[in-house]
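Chain residues, written in single-letter form:
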Amino acid sequence: MNLFRKKSIQMLLHEAGRKGASLKKDLGAFDLTMLGIGAIIGTGIFVLTGVAAAEHAGPALVLSFILSGLACVFAALCYAEFASTVPVSGSAYTYSYATFGELIAWILGWDLILEYGVASSAVAVGWSGYFQGLLSGFGIELPKALTNAYDPAKGTFIDLPAICIILFIIFLLNLGVKKSARFNAIMVVIKVAVVLLFLAVGVWYVKPENWSPFMPFGFSGVATGAATVFFAYIGFDAVSTAAEEVRNPQRNMPIGIIASLFICTLLYIAVSLVLTGIVPYDQLNVKNPVAFALSYINQDWVAGFISLGAIAGITTVLLVMLYGQTRLFYAISRDGLLPKVFSRVNPVRQVPYVNTWLTGIIVSVFAGVIPLNKLAELTNIGTLFAFITVSVGVLVLRKTQPHLKRAFRVPFVPVIPLLAVAFCGYLVLQLPPMTWIGFVSWLAIGLVIYFLYGRKHSTLNNVEEATEEKIRIING
């Protein structure tokens, strides 16, 4: 069997529009931009900024965000070209199917399953921590056994708040993509307002001497910081999974991807400058650095709003990550590489309902029961791998299908895609060896599943068998 058999773009578009299996086109450019901001502004700004400044970059954290942002801008332009050309669910998985063939597409899809699944579990655990902090502010304490993942030595057995928020988001996603998008937009407005409030209050307490030394760990620290905070930017990848549910995707997909990334990059740079200007960088190794900075300058009334904004922010990240996960499963299942139950669509709400609930149950088990460490790094390596593949894919498709209609074209090809590969490749090399071991192990499991199940059940395999049967009949 041909491991690198491809699906033509025409075939992908035809399958996406097939009656009874298609998703409802309900999203516009504004909805996509809100989805992008919803996924990008969250854990990165409310949690990772402090750790990255204290342990890696110091005040030069702003350079870490710029470095990561540049890598993402170059990759985002490549995503925008693909999303406007192939407006089908599945993101980088689908693009690879048309460009590199089935085996590479499966590897990338399996990689993205890791990215979204692990990120969702990590974000749910972070949400649980902030929510319990909010409850304790009102004098409410949950039983210790229900506050964290299984660890009998510490008296914890299950993270109940993490499970509850995942199941709530899954319920919301099953109501339809438009209702989910409205909820996301409301939460985005709240958290952006809170970030702007932090900037408006904090800027008056900035002490320039806190920015000296500016680069205490050298440029290697800036690079490691960039690889760490890269987790903060991965949301725009999830925007591309919505392509099949977008009105006029050729126009709206590039707007949603690029606008959300641009807005969030500006906010990240501003927050990192103010944060390290208020608090000496070596004191920022806390789980809630933004709220801590406001308490540091005796602005506790604003710190309370920050906690509320963090909960809203992390909720939207979780929503978009779970949304991306379900659409990825839907696309892979429709191609036959996973069981068909994952692509079964509710005829009324036009959402993959069985897949959505199965995803929620699996992710909630990971978040609620299994202790999760080094999640940011595992998510980062999966995302960087996807970005590199998509960027190379733009170059390949420009060469193999130069006359293909592209509503959006990456400028300065091949320079921009090559810069995306170079920046993302540099960042992926900054990740620790254990992250690489975990990533390679995950891919090895994926290959076993493909050769035992996916290769045989692939829809392309069925097409090839039917073609061979016709040839046999013709030849007598």
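Residues numbered from 1 in each chain as written. Predicted model: local features only at pLDDT ≥ 70, side-chain atom pairs only at ≥ 80, totals over all residues. Heavy atoms only, no water.

### Side note on the packing of helix α4 (residues 61-85) against helix α5 (residues 92-99)
1) Next: One way to put it is that α4 packs onto α5 with a least axis distance of 10 Å and a crossing angle of 75°. Of the possible angle classes, the one that applies to α4 and α5 is roughly perpendicular. Between α4, through Tyr 79, Phe 82 and Ala 83, and α5, the contact on the second element is made entirely by Ala 92, Tyr 95 and Thr 99. (Axes fitted to C-alpha atoms, helices over the stretch in contact; angles between N-to-C directions. Helix = DSSP H or I, 4+ residues; strand = E, 2+ residues; numbered from the N terminus. Parallel < 35°, antiparallel > 145°, perpendicular 65-115°, else oblique. Contact = heavy atoms within 4.5 Å.)

### Overview of the confidence of the model for the protein chain
1) Next: Residues with a pLDDT of 70 or more make up 93% of the protein chain, whose mean pLDDT is 85.
2) Next: Ranking the helices and strands of the protein chain by mean pLDDT puts helix α7 (residues 160-174) first, with 92, and helix α18 (residues 459-474) last, with 60. (pLDDT = per-residue confidence, 0-100.)

### Observations regarding the environment of Ser 180
1) Next: Relative to the assigned elements, Ser 180 resides in helix α8 (residues 177-202).
2) Next: Sequence spacing of Ser 180 and Leu 452 is 272 residues, and the spatial spacing of their C-alpha atoms is 36 Å.
3) Next: Ignoring anything within four residues of it in the chain, the contact list for Ser 180 reads Leu 172, Leu 173 and Leu 319.

### Overview of a nonpolar patch on the surface
1) Next: The grouping of Leu 63, Ile 66, Leu 70, Phe 214, Met 215, Phe 219 and Tyr 426 at the surface amounts to a nonpolar patch, some 550 Å² of accessible area in total.
2) Next: Ranked by residues supplied to the nonpolar patch, first place goes to α4 with three residues.
3) Next: Here Met 215 falls in the partly exposed class, since its relative accessible area comes to 32%. (Patch = residues over 30% accessible without salt bridge, like charges linked within 9 Å, V, L, I, M, F, W, Y side chains within 5 Å. Areas by Shrake-Rupley, 256 points an atom, 1.4 Å probe, with all protein chains shown as cover. Salt bridge = Lys/Arg side-chain N within 4 Å of Asp/Glu carboxyl O. Buried < 20%, exposed > 50% of the residue type's maximum accessible area, 1.4 Å probe, protein only.)

### Looking at helix α17 (residues 433-457)
1) Next: Compared with the 36 Å implied by 1.5 Å per residue over 25 residues, the 35 Å span of α17 between its first and last C-alpha is a close match.
2) Next: The axis of α17 is deflected most strongly, by about 50°, at Tyr 450.
3) Next: All of the buried residues in α17 are Thr 435, Phe 439, Leu 443, Gly 446, Tyr 450 and Gly 454. (Expected span 1.5 Å × (residues − 1). Bend = angle between axes of the 7 residues up to and from the residue.)

### Digging into helix α6 (residues 102-137)
1) Next: With 36 residues, α6 should reach 52 Å at 1.5 Å per residue; the first-to-last C-alpha distance of 52 Å fits that figure.
2) Next: Among the 36 residues of α6, 27 are classified as buried, and the element is accordingly described as predominantly covered.
3) Next: Of the residues one or two after α6, Gly 139 is the one with positive phi, at around 80°.

### Re unusual backbone geometry
1) Next: Across the junction of Ser 212 and Pro 213, the peptide omega takes the value 0°, indicating a cis bond.
2) Next: Along the chain, Pro 213 falls in the loop between α8 and α9 (218-229).
3) Next: Residue Pro 414 follows Val 413 across a cis peptide bond; omega there is 10°.
4) Next: In this structure, Pro 414 sits in the loop between α15 (375-400) and α16 (415-428).
5) Next: In this structure, Asn 248 is a non-glycine residue whose phi angle is positive, near 50°.
6) Next: Tracing the chain through its elements places Asn 248 in the loop between α10 (235-239) and α11 (249-278).
7) Next: Asn 248 gets classed as partly exposed once you look at its relative accessible area, which sits at 43%.
8) Next: One non-glycine residue, Gln 350, adopts positive backbone phi at about 55°.
9) Next: Gln 350 sits in the partly exposed class, given a relative accessible area of 24%.

### What to know about the pattern of salt bridges
1) Next: Counted by the stated rule, this structure contains seven salt bridges.
2) Next: One salt bridge in this structure joins Glu 81 and Arg 406, with 3.1 Å as the shortest N-O distance. Taken together, the residues Glu 81 in helix α4 and Arg 406 in the loop between α15 and α16 connect sequence positions 325 residues apart.
3) Next: A network of salt bridges, in which partner residues are shared, links Glu 81, Arg 398 and Arg 406.

### A closer look at the side chain of Thr 147
1) Next: If you trace the backbone, Thr 147 turns up in the loop between α6 and α7.
2) Next: Take Thr 147: its relative accessible area is 16%, and that puts it in the buried class.
3) Next: Of the polar contacts made by the side chain of Thr 147, one reaches the backbone oxygen of Lys 144; its length is 2.7 Å.
4) Next: The residues touching Thr 147, leaving out its near neighbours within four places in the chain, are Ser 128, Gln 132, Leu 142, Thr 156, Ile 158 and Asp 159. (Polar contact = N/O pair within 3.5 Å; in protein donor to acceptor, adjacent residues only side chain to side chain.)

### Overview of a positive patch on the surface
1) Next: On the surface, Lys 24, Lys 179, Arg 182 and Arg 349 cluster together into a positively charged patch.
2) Next: The residue Lys 179 is located in helix α8 in this model.
3) Next: A relative accessible area of 46% means that Lys 179 is categorised as partly exposed. (Lys, Arg positive; Asp, Glu negative; His and termini not counted. Charge placed at Lys NZ, Arg CZ, Asp CG, Glu CD.)

### Quick notes on the state of the cysteines
1) Next: Using the criterion set out here, one finds zero disulfides in the structure.
2) Next: Of all cysteine sulfurs, the one in Cys 424 lies closest to Cys 78, which takes part in no disulfide; the gap is 9.0 Å. (Disulfide = S-S within 2.5 Å.)

### Quick notes on the packing of aromatic side chains
1) Next: Overall, the coordinates contain 16 aromatic pairs when judged by the stated rule.
2) Next: Between Phe 65 and Tyr 268 the ring centres are 4.9 Å apart and the planes differ by 15°, which places this aromatic pair in the stacked class. Linking Phe 65 in helix α4 with Tyr 268 in helix α11, this pair joins segments that are 203 residues apart in sequence.
3) Next: An angle of 70° between the planes, with centres 5.9 Å apart, marks the rings of Phe 168 and Phe 183 as edge-to-face. Highlighted residues: Phe 168 in helix α7 and Phe 183 in helix α8, separated in sequence by 15 residues.
4) Next: Judged by its relative accessible area of 38%, Phe 168 falls in the partly exposed class.
5) Next: Members of the aromatic cluster, connected to one another through ring pairs, are Trp 106, Trp 110, Trp 442, Tyr 450 and Phe 451.
6) Next: Taking NZ or CZ as reference, Lys 7 lies 5.6 Å from the ring centre of Tyr 97, over its face. (Phe/Tyr/Trp six-rings, centres within 6.5 Å; stacked < 30°, edge-to-face > 60°. Lys NZ or Arg CZ within 6 Å of the ring centre and 35° of its normal.)

### Looking at the environment of Glu 115
1) Next: Mapped onto the secondary structure, Glu 115 falls in helix α6.
2) Next: Exposure remark for Glu 115: the relative accessible area of 0% places this residue in the buried category.
3) Next: Sequence-distant contacts of Glu 115, defined by excluding residues within four places in its chain, comprise Ile 234, Asp 237, Thr 379, Gly 382 and Thr 383.

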